[in-house]
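Architecture at a glance
What follows is each chain in one-letter form.
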Amino acid sequence: MSLLHTMNKSPFQHGTLRDCLTLCSPGDALLLLEDGAYAALASSPCREALQHQINDGLSCYVLSADLNARIHKQTLIEGIELASDADFVDLVLQHSSTQSWY
Amino acid sequence: MTDNNENQINSRKNKPVKKKLLFTFRHAPYGSSIARDGLDALLAASAYGQDLSVLFMGDGVFQLLTDQQSSDISAKSLSATLPALPIYDIDQIYVQESALIERGLQNQTLVLDAQVLNDQAVRALMLKQEGVLSF
């Protein structure tokens, strides 16, 4: 049993990602979308906490359309995977519940 | 179509589906209409006899403060409406302990009798739902 978390806020302006990460557990998935895509940057203020969670077994994705629009060709945190809109749908189906952080 | 399928469809028609739904409130009450919208959705869901739980976390715990004097900002006070939730048979009400502590509210009287949950219990609550509606 695992949760999908969706995150659409920039970590440079909001503490929403920090709140989300305190509830994430190994096996959960985190999908960064809209301004949440900025959290994938290697310079993200939550980098350390996010990298730690990914190493522990959190699956982290960023919606590629949102990423490409905002931070095309920038250095990203290691272990973050790209997701298409279809992948988004699959993620929702694969998890028992979705918490939308916005 | 087999009889069995027809029976299933008929029984679905006659009996509304009861779902285990969690409403999460993460936003402070008056900066946007999110808190009020969520409360309206919650009351609507209660009219359909759903199995409802409510969780206040993050800045959402500010919705639970007593004596919100909101008339001067032309907004309806949430502290007037929230205590009515048990009347709508909504009595599984929870609040995130770490959010209360972070805001220095752990010893405050709240407008609702909410069960205080640590972060692990918050996760467990989310996991046992059929749907989570985030406000």
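Above this text is the structure in question.
Below, the structure is looked at part by part. (Residues numbered from 1 in each chain as written. Chains lettered and ligands numbered in written order. Predicted model: local features only at pLDDT ≥ 70, side-chain atom pairs only at ≥ 80, totals over all residues. Heavy atoms only, no water.)

Another point: the side chain of Gln-96 of chain B. Take Gln-96 of chain B: it is sitting in strand S3 (residues 93–96). Residue class for Gln-96 of chain B comes out buried when judged on its relative accessible area of 6%. A polar side-chain atom of Gln-96 of chain B sits 3.3 Å from a polar atom in the side chain of Ser-98 of chain B. When neighbours within four sequence positions are excluded, Gln-96 of chain B is seen to be in contact with Leu-23 of chain A together with Leu-55, Phe-56, Met-57, Gly-58, Val-61, Leu-117, Asp-119 and Val-122 of chain B. (Helix = DSSP H or I, 4+ residues; strand = E, 2+ residues; numbered from the N terminus. Buried < 20%, exposed > 50% of the residue type's maximum accessible area, 1.4 Å probe, protein only. Polar contact = N/O pair within 3.5 Å; in protein donor to acceptor, adjacent residues only side chain to side chain. Contact = heavy atoms within 4.5 Å.)

Mapped onto the secondary structure, Ser-25 of chain A falls in the loop between helix H1 (16–23) and strand S2 (29–32). By relative accessible area, which is 19% here, Ser-25 of chain A ends up buried. In terms of polar contacts, Ser-25 of chain A uses its side chain to reach the side chain of Arg-123 of chain B, at 3.3 Å. Excluding its chain neighbours within four sequence positions, the residues that come into contact with Ser-25 of chain A are Gln-53 and Leu-58 of chain A together with Arg-123 of chain B.

Moving on, we come to the interface of chain B and chain A. Contacts between chain B and chain A engage 18 residues on the former and 18 residues on the latter. Of all residues in chain B, the largest losses of buried area upon contact with chain A belong to Arg-26, Arg-123 and Leu-127 of chain B, amounting jointly to 42% of the total for that side. The interface formed by chain B and chain A includes two salt bridges. Linking Arg-18 of chain A and Glu-102 of chain B is a salt bridge whose minimum nitrogen-to-oxygen distance equals 3.2 Å. On the surface where chain B and chain A come into contact, there are 11 residue pairs in polar contact (both at pLDDT 80 or more). Elements that contribute at least two residues to the side of chain B that touches chain A include exactly helix H5 (119–127) and strand S5 (131–134) of chain B. (Buried area = accessible area lost by both parts, 1.4 Å probe. Salt bridge = Lys/Arg side-chain N within 4 Å of Asp/Glu carboxyl O.)

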